[in-house]
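Architecture and fold: a report
If you want the building blocks of each chain, they are given just below.
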Amino acid sequence: MPELLAPAGNFISLRAVLENGADAVYFGLDEYNMRANARNFSIDDLAKISEISEEYGAKTYLCTNIILKESQINELKNNLEKISSSEIDGLILSDIGLIEDTVSHGLEAHVSVQENVTNSHTLKTLHKLGAKRAILSRELSIKEITEITAKSPIETEIFIHGAMCMAISGRCFLSYGLYGRSANCGDCLQPCRKNWTLTFEESQNDAVSNTSDVADESFVISQSYDDSYRSNFFSPKDMCMIEYIPELIETGVSSFKIEGRARSPDYGAMVTSVYREAIDSYLDNPDEYEFNPQWMEELGSVFNRGFDTGFYFDIPFETSETNQSKYVKKDIGQVVNYYNKVKVAELRIWDDLKIGDKIMVQGETTGSITHTIDSMQIEGKDVKEVSKNSNVGVLLPHKVRKNDFVYKLIERS
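Because the structure is a prediction, the values reported are computed rather than measured. (Residues numbered from 1 in each chain as written. Predicted model: local features only at pLDDT ≥ 70, side-chain atom pairs only at ≥ 80, totals over all residues. Heavy atoms only, no water.)

1. What to know about the packing of helix α1 (residues 11-19) against helix α9 (residues 265-284)
The description of two packed helices rests on the angle between their axes and on the distance between the axes. Our working definition: Here the axes come from fitting lines to C-alpha atoms, over the contacting stretch only for helices, and the angles between their N-to-C directions go from 0 to 180 degrees. Helix and strand definitions here come from DSSP, where helices need a minimum of 4 consecutive H or I residues and strands a minimum of 2 consecutive E residues; each element is numbered from the N-terminal end. The scheme is simple: roughly parallel for angles under 35 degrees, roughly antiparallel for over 145, roughly perpendicular for 65 to 115, oblique for anything else. In this scheme the handedness of a crossing depends on how the near helix is turned from the far one: anticlockwise by less than a right angle means left-handed, clockwise means right-handed. Any two residues whose heavy atoms approach within 4.5 Å are treated as being in contact. Three categories are distinguished: nonpolar for Ala, Val, Leu, Ile, Met, Phe, Trp, Tyr, Cys and Pro, charged for Asp, Glu, Lys and Arg, and polar for the others, with Gly belonging to the last.
Packing of α1 against α9 leaves a shortest axis separation of 8 Å and a crossing angle of 15°. When the interaxial angle is binned, α1 and α9 end up roughly parallel. For the pair α1 and α9, the sense of crossing is right-handed. Contacts between α1 and α9 involve I12, S13, A16 and V17 from the first element and P265, G268, A269 and T272 from the second. Of the residues that constitute the contact of α1 with α9, the class distribution is five nonpolar, three polar and no charged.

2. Description of empty space enclosed by the protein
Any empty space left between atoms is shown by rolling a water-sized probe over those atoms. Worth spelling out the cut-off: Only protein atoms enter the 1 Å grid used here, on which a cavity is any set of points holding a 1.4 Å probe that cannot leave and a pocket is any open set flanked by protein within 12 Å on both sides along at least five of seven lines; residues with an atom within 4 Å of a point are listed as lining. Grid points are joined across faces, edges and corners, and a volume is the space filled by probe spheres set on the points.
With the rule as written, the count across this model stands at two cavities of 30 Å³ or more. Its boundaries defined by the atoms lining it, the largest cavity holds a volume of some 70 Å³. Forming the boundary of the largest cavity are L136, S137, R138, L140, I145, I158, F159, M239, F311 and Y312. Class assignment for the residues of the lining of the largest cavity results in eight nonpolar, one polar and one charged. Of the volumes computed, that of the second largest cavity is approximately 30 Å³. Taken together, P7, S13, V17, G260, R263, S264, P265, Y267 and G268 make up the full set of residues lining the second largest cavity. Of all elements in the fold, only α1 and α9 reach the threshold of two or more residues within the lining of the second largest cavity.

3. Concerning the sheet that holds strand β22 (residues 390-395)
What counts here: Pairs of strands are assigned from DSSP output, requiring at least two bridges between the strands.
The antiparallel open sheet is built from eight strands, whose spatial order is β18-β17-β23-β14-β15-β22-β19-β20. In the strand order of this sheet, the two ends are held by β18 (367-372) and β20 (381-383), each with one partner. Strand-to-strand, the axes of this sheet are offset by a mean angle of 40°, without reference to chain direction. Relative to β20, strand β19 (residues 376-378) is paired through three bridges, and the arrangement is antiparallel. For M376, the partnering residue across the bridge sits in β20 and is V383.

4. Regarding the confidence of the model for the protein chain
The following threshold applies: As a per-residue quantity, pLDDT reports the predictor's confidence and falls between 0 and 100.
Across the protein chain, pLDDT averages 87, with 83% of residues at or above 70. The model gives residues 208-220 a pLDDT under 50, and that stretch makes 17 contacts with residues more than four places away or in other chains.

5. Describing the nonpolar core
To keep it simple, the criterion reads: Among buried residues, those of type Ala, Val, Leu, Ile, Met, Phe, Trp, Tyr and Cys that are joined through side-chain atoms within 4.5 Å constitute a nonpolar core. Buried residues are those whose accessible area, probed at 1.4 Å on protein chains only, stays under 20% of the maximum for their type, while exposed residues exceed 50% and partly exposed ones sit between those limits.
If you look at the biggest cluster of nonpolar residues, it comprises 76 residues, and the most contacted ones within it are I83, I158, I160, I242, I245, L248 and Y275. The biggest single contributor to this core is α9, with seven residues. Look past the residues within four positions of I245 in its chain and what remains in contact with it is Y275, A278, I279, Y282 and Y289. Grouped together as the second largest cluster of nonpolar side chains are 18 residues, I332, I349, I373 and M376 included.

This is how it looks when you write it as structure tokens:
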């Protein structure tokens, strides 16, 4: 059975993915991981992460996957004893110079996708160094992954959902060249996601056209109001492999990884929940397994740039635009109290709310839950709608906590 590995950028996200069935979680420390712009954790948070994850029987992996300079690698090595004492399970490393020290401190060494592992010979070398697992390059096909995994002496891991990068396994200099902020040190400002203007020197052999319905090898280029040509040709769509769970499981890979430590807790909750259901459905009865179209609908309801299958079946060519999620999340209030016996949450709201509205509640212990309002009361009387700056009781079957954040989900037009 493959491990379902989910991202945690903060304690709310951690609880959200664990509540929705993650077998393991991965997270970063400030200054040592590829998501410097996420909130991340401090080294003093690791023991708490371990304690929470243990409640769910989930494993814990710390990302230290940036390019480490001399002072940084020495600092990290000096912190290994403290990291080990927090009882997390392992480190995700992009620097093979840390494998021996990691293992000597009783931690699993997982080699990051930044190492760009594309063959079994590399896996055998990593095994000799003491690595337990390697995350395979994102540029491999399902056929190649199956062949490599069959020959591997260590566990293999692959990404199955989330953002894809324009560069080979994330090795990009665009952000550094434009802003002096290095992607390889976890500080990418993602200029590739912007809408770029295409300029060229005209000659009789040049042809620029709107290519939305052309062959796979063409870029999607659109003509703007000022007659310039613009494109998101640096920005690929998000990976989504929910339709191919049987094929993924048959590769023999040990761990399926969801990308998204910089994304919201509701993203982590939804994506983890959908893949958990699909994986369990296949493993419970492979012969009767059927893809559920509702899974794709649910994945589309949270942040995404459109979906593609990456390099698993072909070379990806479609470019993305902006967030294509089904809902916009609006901050509307906070939990004042929760009454367990009657399963009612008292909310303080600063926006209008009515029966039928879909809300989301998020907190460090609650994680992220969604609920459609079907019963509300003010001072013991049923109401169908309430105006902003009110306190209202909402029937809510899921337990929430004081000071949890409340959002209203508004469907995009």
